[in-house]
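The residues making up each chain are set out below.
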Amino acid sequence: MVKSKYASHSGREHASSSRRRWGTLVSFGVAFASIACGGRSEKNGPGTSSAGSGAEPAAGGSLTQGGVSTQGGVSTSGGRAGASGVAGGSSGSGGKGVPTAGTTGEGEPEDCAAPTAPSVPLRRLSPFEYDNSVRDLFGIATRPATELFAKLLPYGGDEEAASTVEVEAYHTLAHELASDLSSDPARLSVAIGCDPTLTAESVCREQLMNEFLPRIFRAPLRDEVRDQMDAAFAMGEELGQSFASGARAVLEVALQSPEFLYRVEFGEAAPDLGAAMGRPLPHEMAVRLSYFLRGAPPDAVLSKAAELGELRTKAQIAQQARRLLTQPDAHGVVREFYLRNLGLIAPDLAAHTELGSNLADSMTEETTRFVDDVTFQGEGDLNALLTAPFTWVNGPLAAHYGIAGVTGSAFERVALDPTRRAGLLTQGAFLASGSIAGSSNPSQRGRWVHDKLLCTAVPSHPPGVGPSLPPAAGLTTRERFEQATLPNPACGACHRYVDPVGFAFEQYDAVGRFRETEAGKPIDASGEIIVGDAQGSFDGAVELAARLARSVDVQNCYADDWLTFAYGRYQLPEDACSREALHAAFAAAKGNVLELLVAVTQTDGFLYRPLNEVAP
């Protein structure tokens, strides 16, 4: 059966435990045995330590490699894989939370007068955030983490334990970045803001330690960390007999440290909030804001605001949020949200041999340009994302869709036949990613709508079990699925929810081309939603999208997706007030997406942290 998407929580995550101080930052002996040979260690050296293996477990929890509590954790049954690779979400009807102690039967909190926020997990930088971080630090335009993780394995998620392969990947990245920078005296001087050939090396060393390292760690350098980095520099300088070799050692260690790979928070007490809540330190709030809205470390303006203590009030934080949303990096964050959290663009579009990699890339570009246009230049609301009668295409993609008048490789905005296409759900990236090779897949497409727009979880097929479709000869895809799933009690319990939604997309083949017939028969794209306030019948994807756009449940589900993206963790019962406030703010903003993002920064879960997790 279809379940609520709100993840149950049998205990509290203690992955971050701000009260503990990190022990040894890295294993220096292994690190510099590697550096001395110009190679990479194969032992449990700094890379393993950087994944969190050296930290003490928090009170009431247990820490695994990567900083994730494995005891009393969150049940993923019915949960959603969110933007950060973890489960989250809201309930299916109206986006309300599960009833818990102190809440009404509908799951809404009885009293939201006092702020409340659950335990804060230790967040690992995603490849997207890692690449933006080293871009800002070292001025490189490539995407080393994204490219490396794509070759090795899918990124595990910022709240999941780092695998040994990921640990080695971080080691590889740190080694290559530090080696490249230290081997170019001009780039090294620009990065640290000091040229050792023109200034005393001791001065440049202080510049490295006092100015550049705090930028890498996104926080003032603590005394014990400074001592460790001094030791790293001295060892590297001795091994390489140069300032550059000392700097290389420091950089290679720093880029594998928890302070860089994770968003470490210690927090502070907040007497104005009472006995239960604390808040992030100003520079920690700057990091929260910047990685949410830029996907990158704080810029100079935000860092200065933190230094001046101007990130404590809701008004100050909202002001900075609005400023950050005007920057180019905000466009990348919105793109990342649709790529990772909503999964509109699958990485294996090129698996459809009839597409080829170029057309698959064009579909990705279409969706990202469309999302950017609607969000930042157009109406800016969820309704337009689902129903706008235009898109962005180049010549090959226009020909693929049957759109006349577009030639060449440049993308341009074009009007669509509104009876055939409108919004995200009629674009090739979604349609192809919800298909199987050579055939549409109404179950997969319908499941996506339930999962991502209606916030209802549909259980997966048991391993090795799936519908056995009859031969295609003489049958439409719809007929094959209806014969295989609905009469079978083992399948029909779930497929009766998802398939009638997925049938709306049968006017599009496996790679998104519009069709009116299949197997010599007219396409039947009629269907029905049977859960939530969007329930009712429709004929085709355009009518389905219009129905979804009018739904409060869909609006709340979309808001909850952004909340999960911002928090980087499961949504928990303690988030009920944050969700309620966000739903109200999104409704008041008439579905405006940028106003929604500002509203996320005003929620309790973004502004506060439990007092018992604040460093004394």
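Small disclaimer: the values here were computed from a predicted structure and weren't measured.

Enquirer: What should I look at first to understand the environment of Ala231 in this one?
Expert: Structurally, the position occupied by Ala231 is in helix H8 (residues 223-240). For the pair Ala231 and Val250, spaced 19 residues apart in sequence, the C-alpha separation works out to 8.9 Å.

Enquirer: What is the right way to look at the nonpolar core in this model?
Expert: When a protein is soluble and globular, its nonpolar side chains tend to lie buried together. Ranked by size, the top nonpolar core spans 96 residues in total, and within it Leu289, Leu385, Phe505, Leu548, Tyr558 and Trp562 carry the most contacts. When residues of this core are assigned to their parent elements, the largest contribution, eight residues, is made by helix H23 (residues 552-567). Contact partners of Trp562, with chain neighbours within four places excluded, come to Phe292, Val333, Val334, Phe337, Val593, Leu596 and Leu597. Counting 48 residues, the second-largest nonpolar core is a separate cluster that includes Ala174, Leu188, Leu261 and Tyr262.

Enquirer: Explain the pairing of strand E16 (residues 536-539) to me, please; I cannot follow it from the model alone.
Expert: In summary, the side chains of a regular strand alternate between the two faces of the sheet. Of the two faces of E16, the one lined by Gly536 and Phe538 is fully buried and the one lined by Ser537 and Asp539 carries no buried residue. When strand E15 (residues 526-529) meets E16, the two strands line up antiparallel, connected through four bridges. Directly across from Ser526, in E16, lies its bridge partner Asp539.

Enquirer: Help me understand the sheet that holds strand E7 (residues 277-279) in this model?
Expert: Think of a sheet as strands paired side by side through backbone hydrogen bonds, with each pair either parallel or antiparallel. Strands sit in the order E6-E7-E17 across an open sheet of three strands; the sheet is antiparallel. Looking at strand neighbours, the two that pair on one side only are strand E6 (268-269) and strand E17 (609-610), the edges of this open sheet.

Enquirer: Help me understand the pattern of salt bridges in this model?
Expert: Close approach of charged atoms lets side chains of opposite charge pair. In this structure the tally under the stated criterion is 32 salt bridges. A salt bridge links Glu224 to Arg222, with the shortest nitrogen-to-oxygen separation between them at 3.1 Å. For Asp509, the salt bridge is made with Arg513, and the minimal N-O distance between the two is 2.7 Å. Looking at Asp509, the relative accessible area reads 13%, which means it is buried. Taken together, the salt bridges that share partners define one network made up of Arg135, Asp136, Arg294 and Asp329.

Enquirer: When you look at the confidence of the model for the protein in this model, what are you seeing that I'm missing?
Expert: In regions of low pLDDT, the predicted coordinates are not meant to be interpreted in detail. Considering every residue of the protein, the mean pLDDT works out to 80; 78% of them sit at 70 or more. This model gives residues 1-107 a pLDDT under 50, and the stretch forms 302 contacts once residues within four places in sequence are excluded.

Criteria and cut-off values
- Residues numbered from 1 in each chain as written.
- Predicted model: local features only at pLDDT ≥ 70, side-chain atom pairs only at ≥ 80, totals over all residues.
- Heavy atoms only, no water.
- Helix = DSSP H or I, 4+ residues; strand = E, 2+ residues; numbered from the N terminus.
- Core = buried A, V, L, I, M, F, W, Y, C linked by side-chain atoms within 4.5 Å.
- Buried < 20%, exposed > 50% of the residue type's maximum accessible area, 1.4 Å probe, protein only.
- Contact = heavy atoms within 4.5 Å.
- Pairing = 2+ DSSP bridges.
- Salt bridge = Lys/Arg side-chain N within 4 Å of Asp/Glu carboxyl O.
- pLDDT = per-residue confidence, 0-100.

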